[in-house]
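Chain by chain, the residues run as shown.
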Amino acid sequence: MAELTVVGEPSPFGVTSRKLGIWMFIVADAATFAAMLFAYGYVRVANPDWTRPFALWPTIANGIVMTVVLLTSSLTVIAAVLAAQAGRKTSALRWLGATMLLGALFAALHLREWIAMIGDGWRPFRNPLGGTPLVGATFFSVTGLHLLHVIVGVIVIGVIALGYRRGRFDPGHLEAIGLYWHFVDLVWMFVFPLVYLMNLR
Amino acid sequence: MKRYVIVWLGLLAIVALEVAVTLARPPAKLLLAGLLFFALIEAGLGLLYFMHLKYERRSFMWSVILAVVIAVVLMDHFWLDAFRLLHQRLSAP
């Protein structure tokens with residue numbers, strides 16, 4: 001019986017197909033977030049009675065803590081990837097656990113803020129301060145999409161960590177989820193100044 | 001790891017600068033320009049170091065960056081309409 005040999009073409013960029021795949025997702029997702037932020041910019045420019053709802057305390061202060069937490073989680077995921085690439089499995093798993101904890105903390109801080117705003121009467125289509133209701137619509141949609149990415153990221157990191165512990169996944173999988181996590185962090189670097197700081201009372 | 005800690009500290013410093021600039025209460029256009037400038041530096045540091053684009057092939061790095069830049073540039077066509085609405089001074093419903 002003749003042996004079947006499958007010969008694939010080399011990657012045009014010298015990266016694995018897994019890494020190329022996650023980068024293609026990141027590029028597409030970056031365009032999605034850019035569209036959301038542009039839509040926010042559009043309605044903000046077009047509305048002369050735009051409300052600036054956020055005070056330094058507690059909203060901006062909470063946003064600063066969330067930013068520090070997310071930036072630190074990027075560092076812990078790098079530590080996990082480096083440990084995995086060096087063959088230090090236990091250390092890699094611990095760093096992944098730290099990343100998940102920080103991601104969960106970010107989500108908890110964000111949800112606490114949402115609950116406080118909803119308690120103050122903010123809704124996606126209602127502005128308790130009397131200005132355009134689009135303030136709530138853009139705030140909840142932009143931060144909601146980002147929060148969804150964080151929550152999904154925490155779950156996927158957990159799945160990858162479990163698979164890595166059982167030997168089903170390799171350091172390349174950790175690198176791929178690390179790229180996703182950095183991207184989520186990078187998006188926040190635009191959301192925090194544009195959605196929070198630009199809306200300081 | 002030391003390199004990444006330095007980048008992390010740099011990113012934290014930029015966040016502190018963003019907050020400081022905001023609290024200085026500059027005009028809105030100036031604040032927007034400043035915050036976008038800082039955000040782009042943060043994005044650059046994140047992409048090059050945390051996401052390792054600096055260590056990938058140049059062709060890969062530019063393919064990724066240009067794809068996003070082109071998408072963002074294509075989205076710029078509606079600003080004129082936003083300013084048109086602003087000048088109409090439509091009140092909230």
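Residue positions are given per chain, counted from 1 along the sequence in the order it is written. Chain A is the first chain written and ligand 1 is the first ligand written, with later ones labelled in order. The predicted nature of this model means local features are confined to residues of pLDDT at least 70 and side-chain atom pairs, given and counted, to a pLDDT of 80 or more, with totals for whole chains, interfaces and linings taken over all residues.

Take the overall build of chain B next. Helical segments are the DSSP runs of H or I of at least four residues, strand segments are the runs of E of at least two, and each set is numbered from the N terminus. When helices and strands are counted, chain B shows 4 helices and 0 strands. In chain B, the succession of α and β elements from N to C terminus is α-α-α-α. Within these notes, the globule rule equals 2.2 Å times the number of residues to the 0.38 power, and the radius of gyration is based on C-alpha atoms. A globule of 93 residues ought to have a C-alpha radius of gyration of about 12 Å, yet chain B, at 18 Å, is considerably larger. Each principal axis of the C-alpha atoms in chain B carries an extent, and together these give about 55 × 35 × 20 Å. Exposure classification rests on a simple neighbour count of other C-beta atoms within 10 Å of a residue's own: a residue reaching 20 or more is buried, one at 12 or fewer is exposed, and one in between is partly exposed. C-beta atoms are placed from the backbone. The proportion of buried residues among the 93 residues of chain B is 18%.

This next bit is on the overall build of chain A. For chain A, the count of helices and strands is 5 helices and 0 strands. A total of 201 residues make up chain A; the buried ones form 39% of that total.

Once that is clear, we can look at the interface of chain B and chain A. Between chain B and chain A, the residue contacts involve 38 residues of the former and 37 residues of the latter. Among the elements of the structure, α1 (2–23), α2 (28–50), α3 (58–74) and α4 (79–88) of chain B are those that each provide at least two residues to the side of chain B that touches chain A. Residues are grouped as follows: Ala, Val, Leu, Ile, Met, Phe, Trp, Tyr, Cys and Pro are nonpolar; Asp, Glu, Lys and Arg are charged; all remaining types, including Gly, are polar. Residue classes in the side of chain B that touches chain A are distributed as 29 nonpolar, 4 polar and 5 charged. Here the contact rule is simple: place C-beta atoms from the backbone, and any two residues whose C-beta atoms are within 7 Å are in contact.

To continue, consider the packing of helix α5 (residues 171–196) of chain A against α2(B). It is the contact of α5(A) with α2(B), at a shortest axis distance of 9 Å, that shows an interaxial angle of 175°. The orientation of α5(A) relative to α2(B) falls into the category roughly antiparallel. In this structure, α5(A) uses A:H182, A:D185, A:L186, A:M189, A:F190, A:P193 and A:L194 to contact α2(B), whose residues at the interface are B:L35, B:F38, B:A39, B:E42, B:A43, B:G46 and B:F50. Looking at the contact of α5(A) with α2(B) residue by residue, the class counts come to 10 nonpolar, 2 polar and 2 charged. For every element, the axis is a line fit to its C-alpha atoms; helices are fit only across the contacting stretch, and the angle between N-to-C directions ranges from 0 to 180 degrees. Each angle receives one of four descriptions, namely roughly parallel if under 35 degrees, roughly antiparallel if over 145, roughly perpendicular if within 65 to 115, and oblique otherwise.

The next point concerns the nonpolar core. In this structure, A:A80, A:L174 and A:V187 are the most contacted members of the largest nonpolar core, which totals 69 residues. Among the elements of the structure, α1 (17–46), α2 (56–85), α3 (89–119), α4 (134–165) and α5 of chain A together with α1 and α2 of chain B are those that each provide at least two residues to this core. The biggest single contributor to this core is α5(A), with 17 residues. The residues contacting A:A80, other than those within four sequence positions of it, are A:A92, A:W95, A:L96, A:T99 and A:L174. The term nonpolar core refers to a group of buried residues, namely Ala, Val, Leu, Ile, Met, Phe, Trp, Tyr and Cys, whose C-beta atoms join them within 7 Å.

Moving on, we come to unusual backbone geometry. With omega at 5°, the peptide bond leading from A:W57 into A:P58 counts as cis. Tracing the backbone shows A:P58 in helix α2. Here the phi dihedral of B:H52 falls at roughly 65°; this positive angle occurs in a residue that is not glycine. By the secondary structure assignment, B:H52 is in the loop between α2 and α3.

Glancing now at α2(A). For a helix, the expected span equals 1.5 Å multiplied by the number of residues minus one. The end-to-end C-alpha distance of α2(A), which contains 30 residues, comes to 42 Å, matching closely the 44 Å that a straight helix rising 1.5 Å per residue would cover. Phi turns positive, to about 85°, at A:G87, one or two residues after α2(A).

The next subject is the packing of α2(A) against α5(A). All names here are of chain A. At a minimum axis separation of 9 Å, α2 and α5 run at an interaxial angle of 165°. Classified by the angle their axes make, α2 and α5 are roughly antiparallel. Where α2 crosses over α5, the handedness of that crossing is left-handed. Take the far helix as your reference; a near helix turned counterclockwise from it by less than a right angle gives a left-handed crossing, and one turned clockwise gives a right-handed crossing.

Looking now at the confidence of the model for chain A. Averaged over every residue, the pLDDT of chain A is 92; the share at 70 or more is 96%. What pLDDT conveys is the predictor's confidence in a given residue, as a value from 0 to 100. Averaged pLDDT values for the elements of chain A fall to 92 in α1(A) and rise to 97 in α3(A).

Residue and element names in this part refer to chain A. Inspection of the secondary structure puts T51 in the loop between α1 and α2. Classification of T51 by C-beta neighbours within 10 Å gives partly exposed; the count is 19. Here the alpha-carbon distance between T51 and R201, two residues 150 residues apart in the chain, equals 8.4 Å. If we ignore the near neighbours within four places in the chain, the residues touching T51 are N127, L129, G131, T132 and V135.

Here the focus is the confidence of the model for chain B. Residue and element names in this part refer to chain B. When the pLDDT values of chain B are averaged, the result is 90; 95% of them are 70 or greater. Looking over chain B, one finds the lowest element-wise mean pLDDT in α4, namely 81, and the highest in α1, namely 96. We note a pTM of 0.92 for the whole complex and an ipTM of 0.90 for its interfaces.

Our next topic: the environment of A:I64. Within the secondary structure, A:I64 sits in helix α2. Sequence-distant contacts of A:I64, that is, excluding residues within four places in its chain, are made with B:V15 and B:V19.

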